[in-house]
Amino acid sequence: MSPEILLDPSVTSNSSDTPTRPFNQDQFDTYVMNTYGRFPIAIEKGQGCRLWDTQGKEYLDFVAGIATCTLGHGHPALVETVSHQIQKLHHVSNLYYIPEQGELAQWIVDHSCADKVFFCNSGAEANEAAIKLVRKYAHTVLDFLDQPVILTAKASFHGRTLATITATGQPKYQKHFDPLVPGFEYVPYNDIDAVKNAIADIDEGNRRVAAIMLEPLQGEGGVRPGEIEYFLRLRKICDENNILLIFDEVQVGVGRSGKLWGYENLGVEPDIFTSAKGLAGGIPIGAMMCKKFCDVFEPGTHASTFGGNPFACAAALTVLKTIENDNILQNVQSRGEQLRTRLRAIVQKYPNLFTEVRGWGLINGMEISENTELTSIELVKEAMAQGLLLAPAGPKVLRFVPPLIVSEAEIDEAVTKLETAIANKI
Ligand SMILES: *Cc1c(COP(=O)(O)O)cnc(C)c1O
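Since the model is a prediction, treat every value here as computed from it, not as a measurement. Each chain carries its own residue numbering, running from 1 in the direction its sequence is written. Local features in this predicted model are restricted to residues whose pLDDT is 70 or higher, and side-chain atom pairs enter the listing and the counts only when it is 80 or higher, whereas totals over whole chains, interfaces and linings include all residues. The side-chain figures draw on all heavy atoms in the structure; neither hydrogens nor water molecules are used.

1. Quick look at the sheet that holds strand β2 (residues 50–53)
A pair of strands is treated as paired once DSSP finds two or more bridges between them. Starting at the N terminus, helices and strands are each numbered in turn, a helix being any DSSP run of H or I of at least four residues and a strand any DSSP run of E of at least two. Spatially, the 4 strands line up as an open sheet ordered β1-β2-β3-β15, and their pairing is mixed. Taken across any chain shown, the strands that pair with only one partner, and hence form the sheet edges, are β1 (43–47) and β15 (388–389). By the bridge criterion, 2 bridges tie strand β3 (residues 58–61) to β15 in an arrangement that is parallel. The residue of β15 that forms the bridge with Leu60 is Leu388.

2. Observations concerning the sheet that holds strand β6 (residues 184–187)
Ordered in space as β4-β12-β11-β10-β7-β5-β6, the 7 strands form an open sheet in which the pairing is mixed. Of all the strands in the sheet, the pair left with one neighbour each is β4 (116–120) and β6. Recorded for the sheet is a direction-independent mean angle of 20° between the axes of neighbouring strands. In this sheet, β6 lies alongside strand β5 (residues 149–153) in parallel orientation, the contact comprising 4 bridges. Considered in β6, the bridge of Thr152 is made with Tyr186. Contacting β4 and β12 (286–290), helix α6 (residues 99–110) crosses the sheet at an angle of about 130° to β4. In what follows, residue pairs with any heavy atoms lying within 4.5 Å of each other are defined as contacts. Note on method: axes are straight lines fitted to C-alpha atoms, helices fitted across the in-contact stretch only, with angles between N-to-C directions ranging 0 to 180 degrees. Seen against the sheet, helix α11 (residues 228–241) touches β7 (209–214) and β10 (244–248) and runs at an angle of roughly 160° to β7.

3. Regarding the UniProt feature "binding site: pyridoxal 5'-phosphate" (unreviewed entry) in the chain
UniProt positions are given in the numbering used here, feature names are shortened, and annotations may be inferred rather than shown by experiment. Mapped onto this structure's residue numbering, the UniProt feature "binding site: pyridoxal 5'-phosphate" (unreviewed entry) falls at Gly123, Ala124, Phe157, Asp248, Glu249, Val250, Gln251 and Thr305. These annotated residues cover 183 residues of sequence, and their C-alpha atoms reach 25.1 Å apart at the extremes, leaving them scattered rather than at a single site. Three exposure classes are used, based on accessible area relative to the maximum for each residue type with a 1.4 Å probe and protein chains only: buried under 20%, partly exposed in between, and exposed over 50%. We classify Ala124 as buried; its relative accessible area is 14%. When residues no more than four places from it in sequence are discounted, the contact partners of Ala124 are His158, Gly159, Arg160, Thr161 and Thr164. Assignment of secondary structure puts Glu249 in the loop between β10 and β11 (272–275). Relative accessible area serves as the criterion here: at 1%, Glu249 is assigned to the buried category. Dropping the residues within four chain positions of it, Glu249 is found in contact with Pro216, Trp261, Gly262, Tyr263, Phe273, Thr274 and Ser275. Within the local environment of Glu249, its side chain forms a polar contact with the backbone nitrogen of Gly262, the two atoms lying 2.6 Å apart. Pairing of N or O atoms within 3.5 Å defines a polar contact, subject to two protein rules: one partner must be a possible hydrogen donor and the other a possible acceptor, and residues neighboring in sequence count only if both atoms are side-chain atoms.

See below:
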């Protein structure tokens with residue numbers, strides 16, 4: 001498309017009532033802390049799977065706020081729910097009962113292995129809640145465990161608070177933040193012998209491990225799906241030893257994998273799982289779901305001011321009901337197949353550049369060969385120039401996490417843009 005067409009408001013946006021305004025990057029950089037490596041565009045509007053920047057350039061959004069905008073941008077059901085809820089009531093303390101919170105918790109319990117839910121505002125907080133629950137479980141239920149350890153995986157990602165960067169098995173996130181939180185040890189992902197070694201001291205009557213926390217599919221760490229055989233054996237080991245199995249579903253849950261919950265791809269159920277990113281389609285929310293030992297938490301043990309407020313809960317209920325009523329899981333499965341098939345054709349065409357495509361549903365990664373200089377960031381930038389937004393998952397993996405409502409034509413369009421980007425880079 002020529003720049004003239006891109007600047008035509010009737011083409012660039014269906015909400016042409018909001019005029020494009022100049023963006024002041026100097027002001028931004030002067031006043032906002034420099035914690036992100038930002039791309040030099042400012043996004044201003046969105047509709048469906050499309051975004052527009054302040055220059056009027058249109059993008060196909062295969063980032064979705066990092067696997068967060070489940071229903072895309074400006075979805076009528078979500079717009080209607082949040083507009084209505086902000087007028088009715090948007091926040092009230094957990095000192096009182098919040099009906100929307102009860103309704104959302106029941107929906108989640110009715111559609112998962114969980115018995116009860118605790119609400120907070122982000123993925124890191126949901127994982128913090130799980131970590132606190134495990135510690136209290138260790139000190140009260142297994143009262144012989146003085147210094148309980150949680151095993152997590154190398155290359156995992158669990159958030160940016162102190163406890164969750166410690167849980168995250170990637171030294172780059174921990175650097176310069178010591179002392180870290182005690183009580184975490186790391187094992188390679190999908191490696192059952194490593195788990196057995198880590199808990200071998202149980203047989204010597206010298207137990208340390210209270211829980212194992214894993215992503216069903218590692219997102220940030222390179223889009224690596226869990227292996228069924230590994231998780232089946234892990235579930236058995238946990239059952240035999242009263243070890244809690246925690247799944248961090250912050251990225252892969254809420255339909256993204258083609259099933260409602262990521263664990264459904266693995267044939268096992270966790271004791272605790274966490275959710276956040278896509279749960280309310282982009283309205284901040286976090287949740288910890290608990291199957292056993294929910295009553296370890298009692299009044300006064302854990303809390304969050306914003307957690308479970310009517311606004312976020314109403315939004316999440318609408319997201320979940322829309323996934324169910326609009327048959328969105330079917331779309332996720334077919335669009336995922338379509339995307340992987342087309343990406344695999346690219347890998348075949350450029351065997352020196354790419355090694356493989358992997359993923360579930362609409363969380364997919366395309367790995368760049370170690371034998372080339374090309375990095376994921378370089379390809380992300382070139383795709384952006386072509387009007388396609390992608391996110392890296394580490395230096396060598398391109399991540400594709402579009403809204404779950406993405407259409408067949410949009411998948412084709414995205415892959416065509418990616419092909420152009422690749423052709424321009426080689
Ligand atoms: C994004 C993410 C988190 C952290 O979520 P925040 O909302 O940024 O705190 C935790 N775990 C996984 C698997 C994630 O992808």
